[in-house]
Every structure is written in C-alpha cells, then in structure tokens.
Amino acid sequence: MTAKEIYEKEFAYYVECLEDRDIYEWAADRIFDLTTYDGDLDKLFVQMILYICKVILNKQTYEFIGDESMYVVYIVVCQLLNKKGWINWGTSIRGAWFEDGRDAKPIYESYDESVSVPFTIENLIALIEFIEEHEPKEEVKDELP
C-alpha cells in the first residue's frame, strides 16, 4: 500500500468511528498529536503546520521569517516537527530542512501499531496533498448576507 492509500483508508475509518469529523481533526489528532477539542483550532493549526512544511520543502524559510509575525509561527511549528524527528536545522533553526533517514517518528501509525507510514519526504508530500484534496469545500451561498 502506498502512503496515500493508507491515509485514505485510515481517514475513512476515523470518520466512520467518529462521525462529523473532518480532515483537520484527523490530521491534528492522528498526525500531529494535537488535542484541542475545537475543530476551528484544529483547522488553524493544521493549516499553519502544512504551510510551514511547504515553506521548508521549498527552501523559503528566510523569506518567510522576514515577516516578524510569521517568525513566531515558524519557530513553534519547527519545535513540533523537531519533536517528531522530521526536521534538522544544524546550527540555525531558521534554515531548517526535512531529511530522510533520520530516527523519526512515523508520519502515521494506527492505534494498534499494525499500520504505519514511515517519515520520508515523499510520504510527507503525499500527506500534504492528501489533506489538501480532502479539505471541506466552502459552501457557496446563492445570495449575499
């Protein structure tokens, strides 16, 4: 099974067991180990984490942290990613990068640990794409408020 197929299967099972959950709640809980009991915060945190992941993948960290308000967000997200062992930053967190082959926690692991997606850059990109593909579509209103 590919990483994306595992994400699909495990997300479907999560939604089946816990009705009225969305991709953000699944990612916050099952991927990033965040507990908020607040769907809006799950969405905010997951979107911030994914954005920072893309910034790091695209090697745009220095440009991103030039905006002082984004600097704090970047540092906090890097701390979370570091706790999972997904990033390295050598002598400066400001130039963090993802690195395969580290002693990293899996991107995904089932509750019984029978299903696991190891951390690789390829699997991380698949996760980002999977979450973006499953983002709830905003309701289109036929009239102005």
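Owing to the predicted nature of the structure, the values given are computational and were not obtained by experimental measurement.

Trainee: Let's hear about the packing of aromatic side chains: which residues, and what values?
Mentor: This model, assessed by the stated rule, comprises ten aromatic pairs. Judged by centre distance (6.4 Å) and plane angle (70°), the rings of Tyr7 and Trp26 are edge-to-face. With Tyr7 in helix H1 (residues 3–17) and Trp26 in helix H2 (residues 23–31), this pair connects stretches of sequence that are 19 residues apart. You'll find Tyr7 and Trp26 in the same group, each marked buried. For the ring pair Trp86 and Phe119, a centre distance of 5.3 Å and an interplane angle of 20° mean the geometry is stacked. Of this pair, Trp86 sits in the loop between helix H5 (68–83) and strand E1 (87–88) while Phe119 sits in the loop between strand E4 (116–117) and helix H6 (121–133), and the two are 33 residues apart along the sequence. Exposure remark for Trp86: the relative accessible area of 0% places this residue in the buried category. Exposure remark for Phe119: the relative accessible area of 8% places this residue in the buried category.

Trainee: Please set out the packing of helix H3 (residues 39–57) against H5 residue by residue, giving values where relevant.
Mentor: Remark: H3 packs on H5, axes separated minimally by 10 Å, with the N-to-C direction vectors making an angle of 90°. Compared by their axis directions, H3 and H5 come out roughly perpendicular. Between H3 and H5, the residues in contact are Met48, Ile49, Ile52, Cys53 and Ile56 and Val73, Tyr74, Val77, Cys78, Leu80 and Leu81, respectively. Residues belonging to the contact of H3 with H5 are distributed by class as follows: eleven nonpolar, no polar and no charged.

Trainee: Please set out the pattern of salt bridges residue by residue, giving values where relevant.
Mentor: When the charged atoms of two side chains with opposite charge come close together, those side chains can pair. Evaluated as defined, the whole model comprises four salt bridges. Lys84 is the salt-bridge partner of Asp33, the closest N and O atoms lying 3.1 Å from each other. In this pair, Asp33 sits in the loop between H2 and H3 while Lys84 sits in the loop between H5 and E1, placing the two residues 51 residues apart along the sequence. Across the salt bridge formed by Glu132 and Lys54, the nearest N and O atoms sit 2.4 Å from each other. You can see Glu132 sitting in helix H6 and its partner Lys54 sitting in helix H3, a full 78 residues away along the chain. When its relative accessible area of 31% is taken as the criterion, Glu132 is described as partly exposed.

Trainee: Which residues make up H2, and what values do they have?
Mentor: For H2, the buried fraction is high: eight of the nine residues fall into the buried class. Tucked inside the fold, the buried residues of H2 contact H1, H3, strand E3 (108–109) and H6. Taking the backbone nitrogen of Tyr24 as reference, a side-chain oxygen 3.0 Å away marks Asp22 as the first, capping residue of H2. A positive phi of about 55° marks Asp33, the residue just after H2.

Definitions and cut-offs
Residues numbered from 1 in each chain as written. Predicted model: local features only at pLDDT ≥ 70, side-chain atom pairs only at ≥ 80, totals over all residues. Heavy atoms only, no water. Phe/Tyr/Trp six-rings, centres within 6.5 Å; stacked < 30°, edge-to-face > 60°. Helix = DSSP H or I, 4+ residues; strand = E, 2+ residues; numbered from the N terminus. Buried < 20%, exposed > 50% of the residue type's maximum accessible area, 1.4 Å probe, protein only. Axes fitted to C-alpha atoms, helices over the stretch in contact; angles between N-to-C directions. Parallel < 35°, antiparallel > 145°, perpendicular 65-115°, else oblique. Contact = heavy atoms within 4.5 Å. Nonpolar A, V, L, I, M, F, W, Y, C, P; charged D, E, K, R; others polar. Salt bridge = Lys/Arg side-chain N within 4 Å of Asp/Glu carboxyl O. Polar contact = N/O pair within 3.5 Å; in protein donor to acceptor, adjacent residues only side chain to side chain.

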